[in-house]
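# Topology and contacts: notes
One letter stands for each residue in the lines below.
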Amino acid sequence: SSLALAPFIPGARMIGDNFEYSLGPPDSGFSLFLAERTKKVHFIRHAEGEHNAATASSGSNDVLTRGDNPARDHPLWDARLTDVGVQQAQKLKQHLASRPSGGRSFTAFDLVVVSPLTRTCETAFHIFGPGRQPGKPGFLSTLDAPDGSEEKLRGEKVPAPRILVREECRERWGQYVCDGRRPVSKIMPEFPSFDWSEVPYDDDHFYTEDARESDEHCCERGIAFLQWLNKRPEKCIAVVTHSSFLRHIFTQFGGNLHKDDQDSLQRLAGNCELRSIVMCSHGNKDGLDVPPLTSDAPRSTVRISSATDLLAGAHNAPP
C-alpha cells in the first residue's frame, strides 16, 4: 500500500504536539519520513446512538434488522444519538479544548470530514460546533478560542473548521437499518453550515436491505478514502465516522508492529473514541486520480489480498 500509518503508543512523543507514535521497519526498529509527506488524522467514532443502546439492551444485533417491513420504516433507520451520546461528544470537545497541538494550548483542525449519517453529523456538531459557512474564507468565519485557554485570555480568534460531508467514510452499509441514511434534503437543514456539495445523491444509493457490503469492498473504500485524504492540502484533519469502517481500514495496516501496538491500532473503537494517527505517503501513488464514491465508479487503485482473513472474527461487531 502507498500509505504508512502510525498509532498512538504511550511513551513516545512528537515534540511540541503531544503526539505519540510508533514506526517500525524490519531491522532498525524505526522509520524516517519526510515531514512534508505526513499529516495528522484524528479519527473519531460517533458517540452512542439509539441503535447502540438498543443492541446493548437486547444483547443482539437482531433488533437492527428490518423484519417484514421496509428498512426505511424502522424506528432505528439512520439512528440518532442518545442523551448519553450527546454528553460523550461534549466531553470530547472539552478534552480537545485543553489538548495542546500545533503550537496552541488546544487542538484546532483545518478540516473536519464527516459521514452523512445522522449520528455522525450530530457527533461532529456537538464536538466542533456549527463550522464554517460553505464558501466563506477562514478569516471571515472565526470563533473564540476555548474558555480558559491562553489564547482566549489574549482575545485571540481561530478560524471555524470547514466541515465537509463525504459518503466515502460512512459505515459499512446493508442489512442493519441504522446504517442507511435519510435523504440529504432532510438532513441538511439540521446542519446548514456543513458542506454537502460533494455528496452525489439525495437518496441513499448504497444501502441494501438484505445484504451487507462485502469486506473486500469496504476495505477498498477505506483505502480510497485514505488516498483522498492524502491529496488534501490540510495537515490536521478530523474524521467523524464509524466502528466497522475504521476496523476495515486499520486491519490493513500494522502488520510489522509489536503485537500490543497492532492490537491498539486494530481493535474496535468505542463510542466517541478519538484515535489519532500520522499518515505518510510514500509518494509513488500521489499522482493517481481518486474518483468520488458513486454507485458505479471504481473505489481504489489499491487491491487488497485477503480481507476475509484480515477481518476474521469481526463480523458480529456492533455498528
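Residues numbered from 1 in each chain as written. Predicted model: local features only at pLDDT ≥ 70, side-chain atom pairs only at ≥ 80, totals over all residues. Heavy atoms only, no water.

## Observations concerning the overall build of the chain
When helices and strands are counted, the chain shows nine helices and eight strands. Here the chain holds 319 residues, and 53% of them are scored as buried. A sequence separation of at least 24 residues applies to 77% of the contacts in the chain between residues at least 6 apart. Of the roughly 14400 Å² that the chain leaves accessible, carbon and sulfur atoms contribute 51%. (Helix = DSSP H or I, 4+ residues; strand = E, 2+ residues; numbered from the N terminus. Buried < 20%, exposed > 50% of the residue type's maximum accessible area, 1.4 Å probe, protein only. Contact = heavy atoms within 4.5 Å. Areas by Shrake-Rupley, 256 points an atom, 1.4 Å probe, with all protein chains shown as cover.)

## Some points on the packing of aromatic side chains
Summed over the entire model, instances satisfying the criterion amount to nine aromatic pairs. Note on F225 and F245: the rings are 6.0 Å apart at their centroids and 65° apart in plane angle, and the pair reads as edge-to-face. Taken as a pair, F225 in helix α6 (residues 215–231) and F245 in helix α7 (residues 243–250) lie far apart in primary sequence, 20 residues in all. Judged on exposure class, the residue F225 and its partner F245 are both buried. Connected via pairs of aromatic rings, a cluster forms that spans F125, F191 and F194. (Phe/Tyr/Trp six-rings, centres within 6.5 Å; stacked < 30°, edge-to-face > 60°.)

## Describing helix α1 (residues 50–58)
For α1, every residue scored as buried is listed here: H51, N52 and T55. Along α1, the residues classed as buried sweep out an arc of 105° about the axis, all on the same side. Of the exposed residues in α1, the ones pointing more than 90 degrees away from its buried face are A56 and S57. Looking at the buried side of α1, the elements it contacts are β2 (38–45) and α3 (118–128). Count one or two residues on from α1 and you reach G59, which has phi positive near 80°. (Arc of directions from axis to C-beta.)

## Quick notes on the side chain of T55
When you line up the elements, T55 lands in helix α1. The class of T55 is buried, set by a relative accessible area of 11%. Contacts of T55, omitting those with residues within four sequence positions, involve S60, N61, V63 and L64.

## Remarks on the nonpolar core
Counting residues in hydrophobic clusters, the biggest one holds 26 residues, and the most contacted among them are V114, I127, F128, F194 and W196. Of all the elements in the fold, those that place two or more residues in this core are α2 (83–97), β3 (111–114), α3, β6 (162–165), α5 (184–187) and β7 (236–241). No other element matches the four residues that α3 contributes to this core. Non-local contacts of I127, meaning those with residues more than four positions away in its chain, are made with I44, A89, L92, K93, L96 and C272. (Core = buried A, V, L, I, M, F, W, Y, C linked by side-chain atoms within 4.5 Å.)

## A short note on the environment of S244
Considering the arrangement of structural elements, one finds S244 in helix α7. Look at S244 and you get buried, because its relative accessible area is 12%. With residues up to four places along the chain from it excluded, the contact list for S244 reads E171 and R172.

## What about the packing of α2 against α3?
For the pair α2 and α3, interaxial distance at closest approach is 8 Å and the crossing angle is 40°. The angle between α2 and α3 places the two elements in the oblique class. The hand of the α2/α3 crossing is right-handed. The segment α2 lies against α3, with V86, A89, Q90, L92, K93 and L96 engaging T123, H126, I127 and F128. Taken together, the residues of the contact of α2 with α3 break down into six nonpolar, three polar and one charged. (Axes fitted to C-alpha atoms, helices over the stretch in contact; angles between N-to-C directions. Parallel < 35°, antiparallel > 145°, perpendicular 65-115°, else oblique. Left-handed = near helix turned anticlockwise from the far one by under 90°. Nonpolar A, V, L, I, M, F, W, Y, C, P; charged D, E, K, R; others polar.)

## Some remarks on the confidence of the model for the chain
Per-residue confidence for the chain gives a mean pLDDT of 82, with 81% of residues at or over 70. In the predicted structure, residues 1–25 sits below a pLDDT of 50 and forms 86 contacts with residues beyond four places in sequence or in another chain. (pLDDT = per-residue confidence, 0-100.)

## Topic: α2
Every α-helix winds through 3.6 residues per turn, so residues three or four apart in the chain are directed the same way. For α2, with 15 residues, the first-to-last C-alpha span of 21 Å sits near the 21 Å given by 1.5 Å per residue. Inspection of α2 places G85, A89, L92 and L96 among the buried residues, and these make up the whole buried set. Along the long axis of α2, the arc covered by the buried residues comes to 60°, so they all point the same way. Turned more than 90 degrees away from the buried face of α2 sit D83, Q87, K91 and Q94, all of them exposed. (Expected span 1.5 Å × (residues − 1).)

## Quick notes on the packing of α6 against α7
Contact geometry of α6 with α7 gives a least axis separation of 8 Å together with a crossing angle of 80°. As judged from the angle between their axes, α6 and α7 are roughly perpendicular. Where α6 abuts α7, its residues D215, C218, C219, R221, G222, F225 and L226 lie against F245, H248 and I249. When grouped by side-chain class, the residues that make up the contact of α6 with α7 number six nonpolar, two polar and two charged.

## What about the pairing of β7?
Taken across its six residues, β7 has six buried, putting it largely inside the fold. Residues C236, A238 and V240 point to one face of β7 and I237, V239 and T241 to the other, with burial holding for every one of them. Here β3 pairs with β7 via four bridges, running parallel. Bridge pairing links L111 to I237 in β7. (Pairing = 2+ DSSP bridges.)

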